[in-house]
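# Per-entry structural report
Letter by letter, the chains look like this.
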Amino acid sequence: MGVLIIFGSIVAIFITSIYVYFRWKYSFFEKEGVPHLKPKFPLGNIQGMGQEYHMIDVLIQMYEKLKMKGSVVGIYNLAEPIYLITDVDVVKDVLVKDFNSFVNRGSYINEKDEPLTASLLNVEDDRWRFLRNKLSPAFSSGKIKSMYFTVSSLGNNLIGAIEREINDKKSLEVKNIMIRFTVDVVSSVSFGMESNTLNGEHPEMIQHFREIFGIEGSNTLYFLMLFCFPDLSKFLKLKFFSKRVTEYFSNVISANIKSREDRNESRNDLLNMLIELKNKGSIEGEFSTETKKLTLNECLAQAFIFFFGGSDTSSTTISYALTELAYNPDIQEKVRQEILDKTKDTNGEITYEALQEMTYLGQVVDETLRMYTPGFAIFRKASEDYKVSNSNIIIRKGVKVWIPTLAFHYDEKFWKNSTKFDPNRFTQEEIDKRPKFSFFPFGEGPRNCIGMRFGLVNAKYGVAMIIKNFKLTPDARMKYPLKFNPKTILMEPETGFWLKFDKI
Ligand code: HEM
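Counting from 1, residues in each chain are numbered in the order their sequence is written. This being a predicted model, a pLDDT of at least 70 is required before a residue's local features are given, and a value of 80 or more before pairs of side-chain atoms are given or counted; all residues contribute to the totals for chains, interfaces and linings. The side-chain quantities take in all heavy atoms of the structure and omit both hydrogens and water.

## Considerations on the overall build of the protein chain
Definition in use: Counting from the N terminus, the helices are DSSP H or I runs at least four residues long and the strands are E runs at least two residues long. Radius of gyration: over C-alpha atoms. The globule rule applied is 2.2 Å multiplied by the number of residues raised to the 0.38 power. Only protein chains enter the accessibility calculation, which uses a 1.4 Å probe; a residue whose area is less than 20% of its type maximum is buried, one above 50% is exposed, and one in between is partly exposed. Residue contacts follow a heavy-atom distance rule, with two residues in contact if any of their heavy atoms lie within 4.5 Å. Under the convention used here, a 1.4 Å probe and the Shrake-Rupley method define accessible areas, while residue burial counts only the protein chains that appear. Note on charges: Lys and Arg go in the positive column, Asp and Glu in the negative column, and His and the chain ends are not counted at all. One atom stands in for each charge, and that atom is NZ of Lys, CZ of Arg, CG of Asp or CD of Glu.
When helices and strands are tallied, the protein chain shows 20 helices and 9 strands. A compact globule built from 504 residues should have a C-alpha radius of gyration of about 23 Å, and the protein chain, at 24 Å, falls within 12% of that. A principal-axis box enclosing the C-alpha atoms of the protein chain has dimensions of 80 × 55 × 50 Å. Counting all 504 residues of the protein chain, 56% fall into the buried class. Within the protein chain, contacts between residues separated by at least 24 positions form 72% of all contacts whose residues are at least 6 apart in sequence. Accessible area for the protein chain stands at about 22,400 Å²; split by element, carbon and sulfur atoms hold 55% of it. With 66 positive and 62 negative side-chain charges, the protein chain shows a separation of 3 Å between the mean positions of the two kinds.

This is the structure we're talking about:
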């Protein structure tokens, strides 16, 4: 009996402490005088996220409810207060003008137990500056042009895989193919592995891809937990990636580094540049005079983040672009005509130069990135108290800031009829009418997406190759407008991407 009372009292004290802790946390914005949404224990303002609603839908709802109340407002992610930006001028201040107060994302990083987490995406302050300086030349226009050879060499595999895999009704789930296309591209340039998944080889690569991105099940809350309580997660030894994924990628990348070093082999790709940084401490075209070398673990983490950051984003963009083109036959035909026109003098080959000249295709990809932004929010953490301009609000040191990119991309203030797919929004004349920071699918400022140009090349090539070879229409399984599947952190429609392919 006595033991039961003691146990009951401990449980009661534990629950009361958690409740008091949340109450205290939930008073943050009230005390700071920041307009905010009233939180509910224990999820704060993210009820339904990952179950009923996708994180994107929740962010858009919050933005729409709060944007009239201030340029910086407050929300609670579980117990954590988060500043939400609702104004384009503050977006610019945080990402560009006052970048030095917001260098870090405050992400989960556990270099000791999970070396792959110590990537450019997660590292902080001087470590980030060092790595960003070292890696930026790897994404110069010249380097991307040489990597284009890998992208275009996979074009025939892409078309071949579609022809083989369409069913008797000529339909196909297109993301399944596009994942394999971008995995083949990115694994080749990032770790020198010819994974050839389009031809059915290395199925384990796709399995790992699906596991990393949690396509197999609900993972939003788990990621939010790591994101919200990085120190507690580290203490509890929670892992961002499973042991299987970590071992697989670490082994593949280190084996390829060793094999190139042993054979003194040099190639025009990202892995080659990482090897140079590991052995010489610098690469051609680098501005920095710092010659500190990268360790093997640092190389593994960067090669992995190029795969992690480059594969799903590009395949998602291509899949949504093709889906919108299937629903918009006139736009599809206009893109096809442009592709035929620009490849007239190259025997139908989509060269790097021809791709650069396809301006309407570029508009289609931009409009896709507006409506279906794979990086649908940008994350930063204040490194000092920061006074928001034209407001009394101080963003407090150590507190996170979320910029809900997709909410800006649907704001009727900048985009009339924002749910309509319309590439004409991206003619130079229309672009000039809008504030610059109303569209930022790759983030902005010194910490924007390092792979932006490479991602755009992949996406444009994938779309061009398919539209040149097939006429697309939506399959009966699709429902428009597309609704995001709440069970994954990725941006996937609930229906998948089922399209019909007619060979031209
Ligand atoms: C359509 C394709 C892509 C999209 C939409 C995209 C989007 C983004 C976004 C929104 C960010 C955060 C930017 C910020 O916080 O301001 C980011 C960061 C990053 N992306 Fe991409 N990305 C794409 C392709 C790629 C590719 C192809 C690579 C590499 C091969 C890549 C590697 C990275 C890395 C390493 C970062 C972290 C940069 C840093 O913290 O310095 N991304 N990306």
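## Things to note about the coordination of the iron atom of the ligand
Reference values for coordination geometry: four tetrahedral donors around a metal ideally subtend 109.5 degrees, six octahedral donors ideally subtend 90 or 180 degrees. Rules: Only nitrogen, oxygen and sulfur atoms within 2.8 Å of the metal, or 3.2 Å for Na, K and Ca, are treated as donors, and water is left out, so sites may look incomplete.
In this structure the iron atom of the ligand is ligated by exactly one protein donor, Cys449 (SG), at 2.3 Å. By the secondary structure assignment, Cys449 is in the loop between helix H19 (428–433) and helix H20 (452–469).

## Re the sheet that holds strand E8 (residues 470–474)
We count it as follows: Here the rule is simple: two strands pair whenever DSSP picks up at least two bridges between them. Where helices are involved, their axes are fitted lines through C-alpha atoms of the stretch in contact, as for all axes, and angles between N-to-C directions lie from 0 to 180°.
Spatially, 3 strands are ordered E3-E9-E8 in an open sheet, and the strand pairing comes out antiparallel. Both outer strands of the open sheet, strand E3 (171–173) and E8, are each paired with one neighbouring strand and no more. Across the sheet, the axes of successive neighbouring strands diverge by a mean angle of 40 degrees, strand direction being ignored. Of the strand pairs in this sheet, E3 and strand E9 (residues 498–503) are connected by 3 bridges, and their pairing is antiparallel. The partner of Glu173 across the bridge, within E9, is Trp498. The strands touched by H20 are E8 and E9; relative to E8, the strand with the most contacts, the crossing angle is about 95 degrees.

## Structural notes on the site of the ligand
Heads up, the condition is: In this text, near means that some heavy atom of the residue lies within 4 Å of the molecule or strand in question. Within 3.5 Å is the distance limit for a polar contact, defined as a pair of N or O atoms, with the added protein rule that one can donate a hydrogen and the other accept it, and that residues adjacent in sequence qualify only through two side-chain atoms. For this scheme, ten residues count as nonpolar: Ala, Val, Leu, Ile, Met, Phe, Trp, Tyr, Cys and Pro. Four count as charged, namely Asp, Glu, Lys and Arg, and the remainder, Gly too, count as polar.
Taken together, 26 residues form the shell around the ligand, and within it Arg105, Arg132, Arg380, Arg447 and Cys449 come nearest. Measuring from an oxygen atom of the ligand, one finds a side-chain N or O atom of Arg105 at 2.8 Å. Elements with a contribution of two residues or more to the shell around the ligand: helix H5 (125–135), helix H14 (296–327) and strand E4 (378–381). Here the element with the most residues in the shell around the ligand is H14; it accounts for 7 residues. When grouped by side-chain class, the residues that make up the shell around the ligand number 12 nonpolar, 9 polar and 5 charged.

## Looking at the pattern of salt bridges
Think of it this way: side chains of opposite charge can pair up when their charged atoms draw near. Quick note on the threshold: Whenever Lys or Arg places a side-chain nitrogen within 4 Å of a carboxyl oxygen from Asp or Glu, that contact is recorded as a salt bridge.
Counted under the stated rule, the structure contains 35 salt bridges. Ionic pairing is found between Asp502 and Lys170, a salt bridge with its closest N-O pair at 3.0 Å. Taken together, the residues Asp502 in strand E9 and Lys170 in the loop between helix H7 (155–165) and E3 connect sequence positions 332 residues apart. The class of Asp502 is partly exposed, set by a relative accessible area of 32%. Connected through salt bridges with shared partners, the residues Glu194, Arg263, Glu265 and Arg267 form a single ionic network.

## Notes on the sheet that holds strand E7 (residues 400–403)
Read from one edge to the other, the open sheet built from 4 strands follows the order E1-E2-E7-E4, with strand pairing classed as mixed. Every interior strand has two partners, whereas the edge strands, strand E1 (72–77) and E4, have only one. Strand after strand, the sheet turns through a mean of 30 degrees between neighbouring axes, direction not considered. Examined bridge by bridge, E4 and E7 share 4 bridges and lie antiparallel to one another. Considered in E7, the bridge of Phe379 is made with Trp402.

## Structural notes on the pairing of E1
Counted residue by residue, E1 has 6 buried out of 6 residues, so it is predominantly covered. What you see with E1 is no split at all: Val72, Gly74 and Tyr76 on one side and Val73, Ile75 and Asn77 on the other are buried throughout. Summarising the sheet, E1 and strand E2 (residues 80–85) pair through 6 bridges and their orientation is antiparallel. Bridged to Ile75 within E2 is Ile82.

## What to know about the UniProt feature "transmembrane region" (unreviewed entry) in the protein chain
As a reminder of what qualifies: UniProt positions are given in the numbering used here, feature names are shortened, and annotations may be inferred rather than shown by experiment.
The sites that UniProt annotates as "transmembrane region" (unreviewed entry) are residues 6–22. Secondary structure within residues 6–22 divides into 100% helix and 0% strand; the distance between the first and last C-alpha atoms comes to 24 Å.

## Concerning a nonpolar patch on the surface
So the rule is basically this: Within this analysis, patches are made of residues with over 30% relative accessible area and no salt bridge. Like charges are joined at 9 Å or less; nonpolar side chains (Val, Leu, Ile, Met, Phe, Trp, Tyr) at 5 Å or less.
A cluster of nonpolar residues, Phe7, Val11, Phe14 and Ile15, forms a patch on the protein surface that exposes about 420 Å² of accessible area. Considering the arrangement of structural elements, one finds Val11 in helix H1 (residues 2–25). With relative accessibility at 33%, the residue Val11 sits in the partly exposed group.

## Some details on the UniProt feature "binding site: heme" (unreviewed entry) in the protein chain
UniProt tags Cys449 as "binding site: heme" (unreviewed entry). Residue classification places Cys449 among the partly exposed positions, given a relative accessible area of 32%. If near-sequence neighbours (up to four positions away) are discounted, Cys449 is found in contact with Arg132 and Phe442.

## Description of the environment of Asn122
With respect to the helices and strands, Asn122 occurs in the loop between helix H4 (88–97) and H5. In the structure, Asn122 is positioned 131 residues away from Ile253 in sequence and 20 Å away in space, judged by C-alpha atoms. Beyond its immediate stretch of four places on either side in the chain, Asn122 contacts Ser107, Tyr108, Ile109, Thr117 and Arg447. Looking at Asn122, its side chain comes within polar contact range of the main-chain oxygen of Thr117, at 2.8 Å.

## Here we look at the state of the cysteines
Threshold: For the purposes of this analysis, a disulfide is any pair of cysteine sulfur atoms at a distance within 2.5 Å.
Under the counting rule described, the total for this entry stands at 0 disulfides. Summary of cysteine pairing: Cys299 is not part of a disulfide, and the nearest cysteine sulfur, belonging to Cys449, is at 20 Å. For Cys299, a relative accessible area of 0% corresponds to the buried category.

## A closer look at helix H6 (residues 141–153)
Helical geometry: 3.6 residues make up each α-helical turn, so side chains three or four residues apart lie on a common side. Put simply, the test is: To estimate the expected span of a helix, subtract one from its residue number and multiply by 1.5 Å. The term bend refers to the angle at a residue between two fitted axes, each drawn through seven residues, those ending there and those starting there.
For H6, with 13 residues, the first-to-last C-alpha span of 19 Å sits near the 18 Å given by 1.5 Å per residue. Of all the bends in H6, the greatest measures close to 30 degrees and is centred on Met147. Three or more residues of H6 are buried, namely Lys143, Ile144, Met147, Tyr148, Thr150 and Val151. Residues of H6 that are buried sit in contact with H7, helix H8 (174–191), helix H13 (270–279), helix H16 (352–357) and H20.

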